[in-house]
Amino acid sequence: MAATAENIPKVLAKLQWMREQHIWPNGLRYLWTDAHGVCLLVSLYKELQEEKYLQEAESVVADVYRVLGRPRGLRIGEEPDRDGQYFHYLTKWMYALHQLGKVKPEYHERAVNLAKDVHHAFYVPGVGVRWKMLEDLSGPYPGYGLGGLDFYDGFVTYRLLDPTALSAEIVNMQQLVMKDYKKFSCTQDLGLGECLWMSHFFPDEEWAKTLRQRSEVTLDSMWVPAGEGSGYFCRHPAARSTVFGFTNFGVLYGLQSVGLWPDRVSQLHEFFHTYKSGDAYDTKSITHVMHCNSLLPGVIL
């Protein structure tokens, strides 16, 4: 099963089902999922040239700011336990605004302004990027430290947004990347997919080559065959029976971005075509929106 425009009918059917079940885009707001969902709608607009998808993307953005928007940044999610702000959620939202901004330029300006608004709250000079902050960005969220990949996220996202307007912020992140990449290590499926995805934007740079090479080796050790013509990536090398849909879809973003293991891409799609986890993730928006993007990566790549 190729992840191409041939999958559009599947994506449209799943999107319709999500609407009917009030899962997305008419469910509770959650910044990570909404960022991926805006990208999905922009991809559909570009593939089908139907204005309704662009209008729906703008509607989602407006609702996200209405529900999650704060004087600086955006709250993690609408549910009571989704308080605070995650840097890697904010960078995903910046990326989504950037993609929408290629069609509607005012959204690109919003993305750049968001980066400037939140950068210094999360950035610890010469040390790292705080993983989670209090909702008003007045200080770190209790119990949370530094993000392992957040400065890579910032380094890539800022450069995609505007290398000139964000030049000072890019230098901050670059210093952290250069300090870290030679000792880089990650053993989590979604993080490894993210590293592949980030590496494809600047593939000739040494840090990107290192992330891709090491992520590929680790992911290879995490592949679990699951019957004829299907398989999945386990959550961690030591947890081979643990599987999550949304994290595998994130790995699919990475694999497709660098053109790695097309046979496993097909086998992953085959496995998750009928897979049910038997828990809340079966109806969570993060599962189904990311599944749609894995089938039609579009502006994700």
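Located above this text is the structure these notes cover.
Residues numbered from 1 in each chain as written. Predicted model: local features only at pLDDT ≥ 70, side-chain atom pairs only at ≥ 80, totals over all residues. Heavy atoms only, no water.

(A) Looking closely at the overall build of the chain. Helix and strand content of the chain: 12 helices and 6 strands. Its C-alpha radius of gyration of 18 Å places the chain within 12% of the 19 Å reference for a compact globule of 301 residues. The principal-axis extents of the C-alpha atoms in the chain amount to approximately 50 × 45 × 35 Å. A total of 301 residues make up the chain; the buried ones form 56% of that total. Relative to all contacts within the chain whose residues are 6 or more apart in sequence, the contacts with residues 24 or more apart total 66%. Averaging the locations of the 30 positively and 35 negatively charged side chains of the chain gives two centres separated by 3 Å. (Helix = DSSP H or I, 4+ residues; strand = E, 2+ residues; numbered from the N terminus. Rg over C-alpha atoms; globule rule 2.2 N^0.38 Å. Buried < 20%, exposed > 50% of the residue type's maximum accessible area, 1.4 Å probe, protein only. Contact = heavy atoms within 4.5 Å. Lys, Arg positive; Asp, Glu negative; His and termini not counted. Charge placed at Lys NZ, Arg CZ, Asp CG, Glu CD.)

(B) Structural detail: the environment of Val 224. Mapped onto the secondary structure, Val 224 falls in strand β5 (residues 223–225). Note: C-alpha distance between Val 224 and Cys 234 (10 residues apart in sequence) is 6.8 Å.

(C) Layout of the packing of aromatic side chains. Tallied over the entire structure, the rule returns 26 aromatic pairs. Aromatic pair Tyr 30 and Tyr 89: ring centres 5.5 Å apart, planes at 90°, arrangement edge-to-face. Of this pair, Tyr 30 sits in the loop between α1 (8–20) and α2 (31–48) while Tyr 89 sits in helix α4 (residues 87–101), and the two are 59 residues apart along the sequence. Note on Tyr 30: relative accessible area 15%, which makes it buried. An aromatic cluster is defined as three or more aromatic residues linked by ring pairs; in this entry it consists of Tyr 30, Trp 32, Tyr 86, Tyr 89, Trp 131, Tyr 141 and Tyr 144. (Phe/Tyr/Trp six-rings, centres within 6.5 Å; stacked < 30°, edge-to-face > 60°.)

(D) How the structure looks around helix α8 (residues 189–199). Buried residues dominate α8, accounting for 11 of its 11 residues. Inspection of α8 places Asp 189, Leu 190, Gly 191, Leu 192, Gly 193, Glu 194, Cys 195, Leu 196, Trp 197, Met 198 and Ser 199 among the buried residues, and these make up the whole buried set.

(E) Fine view of the packing of α2 against helix α3 (residues 51–68). Contact geometry for α2 and α3: axes closest at 7 Å, N-to-C directions at 165°. Overall, the two elements α2 and α3 adopt an arrangement that is roughly antiparallel. The two elements α2 and α3 meet at a crossing, and its hand is left-handed. Two secondary-structure elements touch here, α2 through Leu 31, Asp 34, Val 38, Leu 41, Val 42, Leu 44, Tyr 45 and Leu 48 and α3 through Glu 51, Tyr 53, Leu 54, Glu 56, Ala 57, Val 60, Val 61, Val 64 and Leu 68. Of the residues belonging to the contact of α2 with α3, the class tally is 14 nonpolar, no polar and 3 charged. (Axes fitted to C-alpha atoms, helices over the stretch in contact; angles between N-to-C directions. Parallel < 35°, antiparallel > 145°, perpendicular 65-115°, else oblique. Left-handed = near helix turned anticlockwise from the far one by under 90°. Nonpolar A, V, L, I, M, F, W, Y, C, P; charged D, E, K, R; others polar.)

This is a description of form; function is not addressed.
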